[in-house]
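Report on the structure
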Amino acid sequence: MVLAGGQGRRMGGQDKGLVPFHGRPLIEHILDGLRPQVGKVLISANRHADAYRRYGMVIADTLENFQGPLAGFAAALRVAATPYVLTVPCDAPNVPPQLAERLLVAMQDEGAELAVAHDGFRLQPMYALLPLCLLDDLETYLQQGGRSPREWFARHRMATVDFSANAAAFRNMNTPADRLMLEGRVPLLGFCAYSGTGKTTLLTQVIPLLKAAGLRIAVVKHTHHVIDLDQPGKDSYRMREAGAQQVVLASHQRIISMREVGHARQREASLADAISGILPENTDLILVEGFKHEPYPKIELHRPSLGKPLMFPDDGNIIAIATDDAALESPPYLPRLDLNQPQTVADFILQRLRGGLQRPA
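What you see is a predicted model; the values in this text were computed from it and never measured.

As assigned here, the protein comprises domain 1 (2–174), domain 2 (177–224 + 269–355) and domain 3 (228–267). Inter-centroid distance (C-alpha atoms) of domain 2 to domain 3 is 28 Å.

Here you go:
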């Protein structure tokens, strides 16, 4: 079942499942990943039923006034002809592969009553596998005024399935800004190199040049160290210590957001996690330092004096090499930039932005 019964308030009232995404309604992308995993498709929709009927059987909530996802769960469990219902939201275009199979195996192996996906940072309650036998309990919970999926899940033995290896699949489109980011309409460009090559130094030299050219720049930096910008004794520190998962400091000068991502068992942050807090409507280019193993366009920095090999033969996402070796040989499609001339690097970036940052074929 695709949950498409909400009001889409943060999308300006748009029906998120029907919002165009890469030239097609968002629900079509979801069904591309969902149909190979399931039999019949149900769509929980309280609006635009005619538009959704072309994709599957449409069911509406029996509760009025948009009572949340549990109302959609109940509607599906009432009409399903299979032992289980797999639920996914209508605002995340990439359904994780083997979602249904992995949830079912975990439920059976653990003797659980239901199974829910976890992305490594948080539970994803819209991605659940529910047996029809839970319908009576769900309806009782709804009749008592309950509306929280997490609270209802807690009434049952729940298997939690780790999808951290495919966490980016859970990125959703809650706002128009999310849509810009998901569609890749804010360019990403990375600076990758071995430690000691001078990535940060070059970035601090290039950023003012790009800003002077009129670009609004966001920067993402990856680190393996434990980070904390807060100070013991400050109000924000005390709130975090008290258990707040997110703390936002706001003033006339800047806004600082701090988010706790959990304990040691959880995965390393991905690039998708890192850019999730960037406001795309205020950004023309995201510069990235690190995340060198992820697939996005990068400029490789190379100093032969460090004795390290080049990365470009093994990374097809490198679009240029910035080096202090004037004799370095590189393929014709891979421009060589002077690592000690930041203006040359900035000019290359500005030129490539006009034509897109992809590596030439």
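From this point, things continue past the structure.
Among the secondary structure elements, H156 is positioned in the loop between α6 (149–153) and β9 (158–162). Here H156 falls in the buried class, since its relative accessible area comes to 13%. Leave out the neighbours within four places in its chain, and H156 touches E113, L114, L134 and D137.

Moving on to unusual backbone geometry. Despite not being glycine, H22 has its phi angle at roughly 50 degrees, a positive value. Inspection of the secondary structure puts H22 in the loop between β2 (20–21) and β3 (24–25). Its identity as a non-glycine residue notwithstanding, Q98 has a phi of 60 degrees, on the positive side. Inspection of the secondary structure assignment puts Q98 in the loop between β6 (84–89) and α4 (99–110).

Turning to α4, a few remarks are in order. With 12 residues, α4 extends 17 Å between its outermost C-alpha atoms, agreeing within 8% with the 16 Å of an ideal straight helix rising 1.5 Å per residue. Of the residues making up α4, those classed as buried are L99, A100, L103, A106 and M107. When α4 is viewed along its axis, its buried side chains cluster within an angular range of 140 degrees and face the same direction. Away from its buried face by more than 90 degrees, α4 exposes Q108 and D109.

Take the nonpolar core next. Among the nonpolar cores identified, the biggest contains 35 residues, and V2, I43, L99 and L103 are the most heavily contacted of them. When residues of this core are traced back to their parent elements, those giving at least two are α1 (26–34), β6, α4, β7 (114–118), β8 (123–131) and β9. Apart from residues lying up to four places away in sequence, L103 is in contact with L86, A115, V116, A117, Y127, A128, L129, V161 and F163. One finds L77, L114, V116 and L134 within the second-largest nonpolar core, a separate group that totals 24 residues.

Looking now at helix α3 (residues 69–79). α3 sits mainly inside the fold: 8 of its 11 residues count as buried. Every buried residue belonging to α3 is among L70, A71, G72, F73, A74, A75, A76 and L77, and all of these are buried.

Conventions adopted
- Residues numbered from 1 in each chain as written.
- Predicted model: local features only at pLDDT ≥ 70, side-chain atom pairs only at ≥ 80, totals over all residues.
- Heavy atoms only, no water.
- Domains from an automatic or database assignment.
- Helix = DSSP H or I, 4+ residues; strand = E, 2+ residues; numbered from the N terminus.
- Buried < 20%, exposed > 50% of the residue type's maximum accessible area, 1.4 Å probe, protein only.
- Contact = heavy atoms within 4.5 Å.
- Expected span 1.5 Å × (residues − 1).
- Arc of directions from axis to C-beta.
- Core = buried A, V, L, I, M, F, W, Y, C linked by side-chain atoms within 4.5 Å.

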